[in-house]
Amino acid sequence: MRRWLRIARFLPTVLTGLLAIGPALAASPAPTPPAPTPPMGWNSWDAYGFTIDEADFKANVGVLATLKRYGWTYAVVDEGWYMADPFGKTLAERQYLLDGNGLLVPVPARFPTAADGRGFKTLADWVHAQGLKFGLHIVRGIPKQAVERNTPVAGASFHAADVADTADTCPWDDGNYGVRDTPAGQAYYDSMMAQYARWGLDFLKVDCIADHPYKASEIRQISSAIAKTGRPIVLSLSPGPTNLSHAAEISRYGQMWRITNDVWDGWTFPHEKPGDDFPYGVRDLFDRLPGWAPHTGQGRWPDADMLPIGTLAPHPGWGEPRASRLTAEEQRTLITLWAIARSPLILGANLTKLDDATRALITNRAVIAVDQTAKDSRPVTDLPAGFENARVWLATGAKGQRYLALFNLDDKPATLSAPWEKVGLAAGRHAPHDLWTDKALPAAEAMAVTLPAHGSALFEVK
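Residues numbered from 1 in each chain as written. Predicted model: local features only at pLDDT ≥ 70, side-chain atom pairs only at ≥ 80, totals over all residues. Heavy atoms only, no water.

Caption draft 1: Highlighting the side chain of Asp168. Mapped onto the secondary structure, Asp168 falls in strand S5 (residues 164-170). If we ignore the near neighbours within four places in the chain, the residues touching Asp168 are Arg140, Asn176, Tyr177, Gly178, Lys215 and Glu218. (Helix = DSSP H or I, 4+ residues; strand = E, 2+ residues; numbered from the N terminus. Contact = heavy atoms within 4.5 Å.)

Caption draft 2: Quick look at the sheet that holds strand S16 (residues 402-408). With antiparallel pairing, the six strands of this open sheet are ordered in space as S14-S15-S16-S21-S18-S19. Edge positions in the open sheet fall to strand S14 (375-379) and strand S19 (439-440), since each of these has one partner strand only. Alignment of strand S18 (residues 432-434) against strand S21 (residues 456-461), held across three bridges, turns out to be antiparallel. Across the sheet, the residue bridging to Pro432 is Val461, located in S21. Against the sheet, helix H11 (residues 282-292) contacts S14, strand S15 (390-396) and S16, and its axis sits at roughly 50° relative to S15. (Pairing = 2+ DSSP bridges. Axes fitted to C-alpha atoms, helices over the stretch in contact; angles between N-to-C directions.)

Caption draft 3: Quick look at the state of the cysteines. Inspection of every chain in the model, using the stated rule, returns one disulfide. A sulfur-sulfur separation of 2.3 Å characterises the disulfide bridge that pairs Cys170 with Cys208. In this structure the cystine formed by Cys170 and Cys208 twists about its S-S bond by roughly 110°; its chirality is therefore right-handed. Residue Cys170 is located in strand S5, and its partner Cys208 is located in the loop between strand S7 (203-207) and helix H9 (216-229); the two are separated by 38 residues in the primary sequence. (Disulfide = S-S within 2.5 Å.)

Caption draft 4: The arrangement of the sheet that holds strand S4 (residues 142-143) in detail. The strand order across the open sheet formed by three strands is S4-S6-S5, and the pairing between neighbours is antiparallel. This sheet does not close on itself; its edge strands, each paired only once, are S4 and S5. Judged from the two bridges that link them, S4 and strand S6 (residues 173-179) form a sheet pairing that is antiparallel. Within S6, the residue paired with Ile142 across the bridge is Tyr177.

So this is what it looks like as structure tokens:
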């Protein structure tokens, strides 16, 4: 009885403390999402395909570090870092390297700092020392070699045979089996993400998961495994086109997801087989991005794919080594569209061969600010006569200013003119400022601009 009396004596103090803590907990800010703005960076695929090695990666990251002040932050090693022979025609020839728990590891002959079981820890530390963030690409699933060896799952009682769905393979990549939606499957992804967190990973691009096929269970498993690490790793899901019907689900688990198949350096591409949409051209994005506009923001970013500009060499992921085949106007249109739609901006160029024209495109602070800070980005519908081959997008800036993007999809120059209210702005006089040329235009009661074939303009309008 005396013990309960002592407890009762302290209850008012305890309750007072709890009441004081309650408002503080309610007022505590929500955790910052891994990608509060559209991620910006560089990925090795468009220039190096499977073949990127440590020396080439560091050379590109060295240039990326000089671009960090413009927002370019992530340095991503794309597919193939675990292949002893990235030029191999078959899975056996490519020779995937695995550890004793069935997890892919970098090949030391290509990534010397990975020797002695260090994985990517040393390289990630070096990237971080440049003020940048480190990313990797994987294909979903468990390597077939792990299943053949029936390797144990780290930290669990399961083995690879318990994990693998051998009836599920990626239609266009023969390296892995799917992962079962079971405790064994979750344990395998938990072990994988725990290793990546130990390495210091900041960005993970997972392929063969967002479309053809859409693998909801593996998206959820990977997202859950990342959360368990406690490390803020951006989850990027590929390829597209992700179906709009999956918007609510995929945005719950990923920070960015591809809304297109692979975009390469052409305005349009012929597609000979029914249902074949590879590769996408820039023109195709004008049909894909509008539907995703309502799902953009709050740390979730529909991804229009990488920017195939600059030099795509020495071993691009598709086609022969080359300078981007997009015209100068098409390259500006690509970046204008990605910016106004607030897509992630991931460079594909070989940065060691960065030319002045490409550098100018990717260091325009005003254009980048549209991508990083705008809100309410949307296409304008019900355009007036004369805009049949044009597209118009609007967005609102951080200080309430309006951004207006105009695009000429025609194969010949076009003059676009209309009262401001016909392109979504308030009626009256407005003074547009050209964000590409940094030139202020006279105030007027209507807009008028002449655009070259496949050209664009981006204005801040006051």
